[in-house]
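These are the residues of each chain, in order.
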Amino acid sequence: MARVRSEERRAEILAAALTVIAERGYRGATLGAVAERVGLSQQGLLHYFPTKEALLVAVLEDRDRWDTGGGAARGGGAWRPDLLASLVEYNAMRPGVVQTFSALLGESVTEDHPAREFFTTRYVQVRADMAASLRAEYGEVLPGGLTPERAAVLTVAVLDGLQYQWLLDPSAVDMPAAFRDFLELLEGPGAAGRAARRDGEAGTRD
């Protein structure tokens, strides 16, 4: 029971940290502010996360676990184009999470930022996993002519770049629709027809 309660409290702290960082940015967020949100003293918070940096990395890792279904599909299904489109739609319903991630990503390009190593390592892994998924889906060359590795770099850039545009002006940028447009460009001529056929085949199987 104590372990369950500890895990619940840890989840509460991560949710509170996400909110505080979204409001103030990482540098403006304090452990005291996070502790106050969950009814703890700062010393009590340190029992769960010994440093602000440890809390930050835990927030980022928690966000990634949600996006990849707990990591079970890494290197495969989690990065399939159709599932990525669903992820973009899901992100459009949780602006606070997207804002926090985007703010931290922007801050992390500075040399001394504690999230820099996390994001650098993450991008290496995401590009590799996405290339593997694209290769499983299309083979060595996508219909649009790109290799899986080249397409993976562009796909990651579009995913994160769209989030910035959407956060700044959500009324002008339909993030899910724009990503679907990108997928059609990625797949090349006839992409819409192929997608319709895939949907039809899936409906037949169901």
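Attention in this report is confined to the structure presented alongside it. Everything numeric in this text was worked out from a predicted model, so none of it was measured.

What to know about empty space enclosed by the protein
Thought 1: Considering all chains together, one arrives at 2 cavities of 30 Å³ or more under this definition.
Thought 2: By volume, the second largest cavity amounts to about 60 Å³.
Thought 3: Lining the second largest cavity, in full, are Ile-21, Tyr-26, Ala-29, Thr-30, Leu-31, Val-34, Lys-52, Leu-55 and Leu-56.
Thought 4: It is helix α4 (residues 52–67) that provides the largest number of residues to the lining of the second largest cavity, a total of 3 residues.
Thought 5: A class-by-class count of the residues in the lining of the second largest cavity yields 7 nonpolar, 1 polar and 1 charged.

Some details on the nonpolar core
Thought 1: Ranked by size, the top nonpolar core spans 52 residues in total, and within it Val-34, Leu-55, Leu-60, Phe-119, Met-130 and Phe-179 carry the most contacts.
Thought 2: Top contributing element to this core by residue count: helix α7 (residues 116–138), with 8 residues.
Thought 3: If we skip the residues at most four places from it in the chain, Val-34 touches Ile-13, Ala-16, Ala-17, Val-20, Leu-45 and Leu-55.

Quick word on the environment of Leu-105
Thought 1: Topologically, Leu-105 is positioned in helix α6 (residues 95–107).
Thought 2: Beyond its immediate chain neighbours, meaning those up to four positions away, Leu-105 contacts Phe-119, Tyr-123, Asp-160 and Tyr-164.

Regarding the packing of aromatic side chains
Thought 1: Tallying each qualifying case throughout the model produces 3 aromatic pairs.
Thought 2: On the numbers, 5.4 Å between centres and 85° between planes, the contact of Phe-118 with Phe-119 is edge-to-face.
Thought 3: For Phe-118, a relative accessible area of 15% puts it in the buried group.
Thought 4: Judged by relative accessible area, Phe-119 falls into the buried class, the value being 2%.
Thought 5: Between the aromatic rings of Phe-179 and Phe-182, the centroid separation amounts to 5.9 Å while the plane-to-plane angle is 35°, which identifies the pairing as tilted. Placement of the pair is Phe-179 and Phe-182 together in helix α9 (residues 175–187), with a separation of 3 residues, close to one helical turn.
Thought 6: Members of the aromatic cluster, connected to one another through ring pairs, are Phe-101, Phe-118 and Phe-119.
Thought 7: Its guanidinium or amino end placed over the ring of Tyr-123, Arg-122 lies 6.0 Å from that ring's centre, counting from NZ or CZ.

A short note on the environment of Tyr-48
Thought 1: By the element assignment, Tyr-48 lies in the loop between α3 (42–46) and α4.
Thought 2: Assessed through its relative accessible area of 24%, Tyr-48 is described here as partly exposed.
Thought 3: Between the C-alpha atom of Tyr-48 and that of Ser-6, which follows or precedes it by 42 residues, the distance is 8.5 Å.
Thought 4: Those residues in contact with Tyr-48 that lie beyond four places of it in its chain are Ser-6, Arg-9, Ile-13 and Leu-40.

Brief notes about the packing of helix α5 (residues 81–91) against helix α8 (residues 148–168)
Thought 1: Where α5 contacts α8, the axes come no closer than 12 Å and their chain directions differ by 20°. In terms of orientation, α5 lies roughly parallel with respect to α8. Helix-helix and strand crossings are classified by hand; for α5 and α8 the assignment is right-handed. Here Leu-84, Val-88 and Asn-91 of α5 come into contact with α8, specifically with Thr-155, Leu-159, Gln-163 and Trp-166.
Thought 2: Partitioning the contact of α5 with α8 into residue classes produces 4 nonpolar, 3 polar and no charged.

Parameters at a glance
Residues numbered from 1 in each chain as written. Predicted model: local features only at pLDDT ≥ 70, side-chain atom pairs only at ≥ 80, totals over all residues. Heavy atoms only, no water. 1 Å grid on protein atoms, 1.4 Å probe; cavity = no way out; pocket = protein on both sides within 12 Å on 5 of 7 lines; lining within 4 Å. Points joined across faces, edges and corners; volume = space filled by probe spheres on them. Helix = DSSP H or I, 4+ residues; strand = E, 2+ residues; numbered from the N terminus. Nonpolar A, V, L, I, M, F, W, Y, C, P; charged D, E, K, R; others polar. Core = buried A, V, L, I, M, F, W, Y, C linked by side-chain atoms within 4.5 Å. Buried < 20%, exposed > 50% of the residue type's maximum accessible area, 1.4 Å probe, protein only. Contact = heavy atoms within 4.5 Å. Phe/Tyr/Trp six-rings, centres within 6.5 Å; stacked < 30°, edge-to-face > 60°. Lys NZ or Arg CZ within 6 Å of the ring centre and 35° of its normal. Axes fitted to C-alpha atoms, helices over the stretch in contact; angles between N-to-C directions. Parallel < 35°, antiparallel > 145°, perpendicular 65-115°, else oblique. Left-handed = near helix turned anticlockwise from the far one by under 90°.

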